[in-house]
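# Residue-level structural notes
Residues per chain are reported as follows:
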Amino acid sequence: MEGDLMLLGVWGSPFVRRVRMALAMKGVDYVYREDDLMNKSPLLLELNPVHKKVPVLVHHGKPIAESLVIIEYIDEKWPDNHLLPVDPFDRAVARFWARYIDDKVNHAVWKALWSPPGEGGDAACEEAYGMLEKLEGLLKEGDKKYFGGDGIGYVDIAANFMAHWSILIGEEVTGVRILTEDRFPALCEWAKNFTGSSIGAAHFPEKEKLVPFFKAMLAAKSVPYT
Ligand SMILES: N[C@@H](CCC(=O)N[C@@H](CS)C(=O)NCC(=O)O)C(=O)O
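Residues numbered from 1 in each chain as written. Predicted model: local features only at pLDDT ≥ 70, side-chain atom pairs only at ≥ 80, totals over all residues. Heavy atoms only, no water.

Backbone hydrogen bonds hold the strands of a sheet together, and the pairing may be parallel or antiparallel. In space, the 4 strands of this open sheet follow the order β2-β1-β3-β4, with mixed pairing throughout. On the outer flanks of this sheet lie β2 (31-34) and β4 (62-65), each paired with one strand and no other. Neighbour-to-neighbour, the strand axes of this sheet turn through a mean angle of 20°, independent of strand direction. As defined by bridge partners, strand β1 (residues 5-9) adjoins strand β3 (residues 56-59) across 4 bridges and the pair is classed as antiparallel. Paired with leucine 8 across the strands is valine 56, a residue of β3. Docked against the sheet, helix α1 (residues 14-26) engages β1, β2 and β3, running at close to 155° with respect to β1. (Pairing = 2+ DSSP bridges. Helix = DSSP H or I, 4+ residues; strand = E, 2+ residues; numbered from the N terminus. Axes fitted to C-alpha atoms, helices over the stretch in contact; angles between N-to-C directions. Contact = heavy atoms within 4.5 Å.)

In structure tokens, the structure reads:
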């Protein structure tokens, strides 16, 4: 079954990495195909005609788009090592937070990272802090290592941008540090645990490749969604 599984992605995308993490946690083999977002392949346009974005997972010829939808599909199709909680209420709560991360937190943190102080940066940071405080509270509330408990789960995977990309961009590219120890000790500890885990080590893109990529984007003034 796994032989007929293909993931279309790009290396630096946190959304694509979410899916790669989920597949790795399930121990499922698949073929990975790198696309080029500057010159999208006819295959991508055919497989995801609505959004024209990666990731797209193709299972037995049938495409599934949107990273969180894909992860839920993976979790249902290969139920061992579940990523979402088993209890229906806990599942609903996990979906709530994953959606909050996607709809609110990622956008606010991305915008803040690329907004220098004095150029709208202060207000953007304040907005991001307010949202991150909710996640900080969630980790502290259960005194948990991960949002999923003792191990990495659906919400951790959904929050992968915060653990790796946001820190590298802030520290190495723009100098706008959002996730600091003084303000967000639980999130910083979570990020360290995540990046130091076997899944994080294998599936977060290398700093040596990511930092020049974002520096070039900054130099070309081509940062999207800011
Ligand atoms: N909501 C989507 C977001 C995916 C997304 O934004 N992918 C980016 C790469 S990081 C993309 O394909 N961008 C191409 C475009 O915007 O045209 C998901 O969760 O899969």
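Now for the site of the ligand. What surrounds the ligand is the set Ser13, Phe15, Leu37, Lys40, Lys53, Val54, Pro55, Glu66, Ser67 and Tyr225. Contact distances for the ligand include 2.5 Å between an oxygen atom and a side-chain N or O atom of lysine 40. Glutamate 66 has a polar side-chain atom sitting 2.8 Å from a nitrogen atom of the ligand. Relative to its unbound accessible surface of 510 Å², the ligand loses 76% to contact with the protein. Taken together, the residues of the shell around the ligand sort by class into 5 nonpolar, 2 polar and 3 charged. (Near = heavy atom within 4 Å. Polar contact = N/O pair within 3.5 Å; in protein donor to acceptor, adjacent residues only side chain to side chain. Areas by Shrake-Rupley, 256 points an atom, 1.4 Å probe, with all protein chains shown as cover. Nonpolar A, V, L, I, M, F, W, Y, C, P; charged D, E, K, R; others polar.)

Moving on, we get to the domain arrangement of the chain. Domain annotation of the chain identifies domain 1 (2-77) and domain 2 (88-219). Using C-alpha coordinates to define each centre, domain 1 is positioned 22 Å away from domain 2. Interface area, domain 1 with domain 2, both sides summed: about 1,700 Å², of which 66% is carbon and sulfur. The interface formed by domain 1 and domain 2 includes 2 salt bridges. In this structure, arginine 18 and aspartate 102 form a salt bridge, with 2.6 Å as the shortest nitrogen-oxygen distance. Where domain 1 meets domain 2, there are 7 residue pairs in polar contact (both at pLDDT 80 or more). Contributions of two or more residues to the side of domain 1 that touches domain 2 are made by α1 and α3 (67-77). (Domains from an automatic or database assignment. Buried area = accessible area lost by both parts, 1.4 Å probe. Salt bridge = Lys/Arg side-chain N within 4 Å of Asp/Glu carboxyl O.)

A separate point is the pairing of β3. Every second residue of β3 is oriented toward a common face, with Val56 and Val58 on one face and Leu57 and His59 on the other, all of them buried. Note: β3 against β4, 4 bridges, orientation antiparallel. Among the inter-strand pairings, leucine 57 is bridged to a residue of β4, identified as isoleucine 64. Linking two consecutive strands that pair antiparallel, namely β3 and β4, is a turn of 2 residues; a positive phi of about 50° is found at histidine 60 within it. (Buried < 20%, exposed > 50% of the residue type's maximum accessible area, 1.4 Å probe, protein only.)

A separate point is helix α9 (residues 185-196). Along an α-helix, residues three or four positions apart point the same way, because every turn accommodates 3.6 residues. The first and last C-alpha atoms of α9 sit 16 Å apart over 12 residues, in line with the 16 Å expected at 1.5 Å per residue. All of the buried residues along α9 are Ala186, Leu187, Cys188, Trp190, Ala191 and Phe194. Buried positions along α9 lie against α1, α5 (121-141), α6 (154-158), α7 (160-163), α8 (165-174) and α10 (198-203). (Expected span 1.5 Å × (residues − 1).)

What the rule picks out here adds up to 6 salt bridges. Lysine 140 is the salt-bridge partner of glutamate 136, the closest N and O atoms lying 3.3 Å from each other. A residue pair is termed a helical-turn pair when its members lie 3 or 4 positions apart in one helix, as glutamate 136 and lysine 140 do in helix α5 at 4 residues. Given the relative accessible area of 4%, glutamate 136 is considered buried. In this structure, lysine 192 engages glutamate 181 in a salt bridge whose closest nitrogen and oxygen atoms are separated by 3.0 Å.

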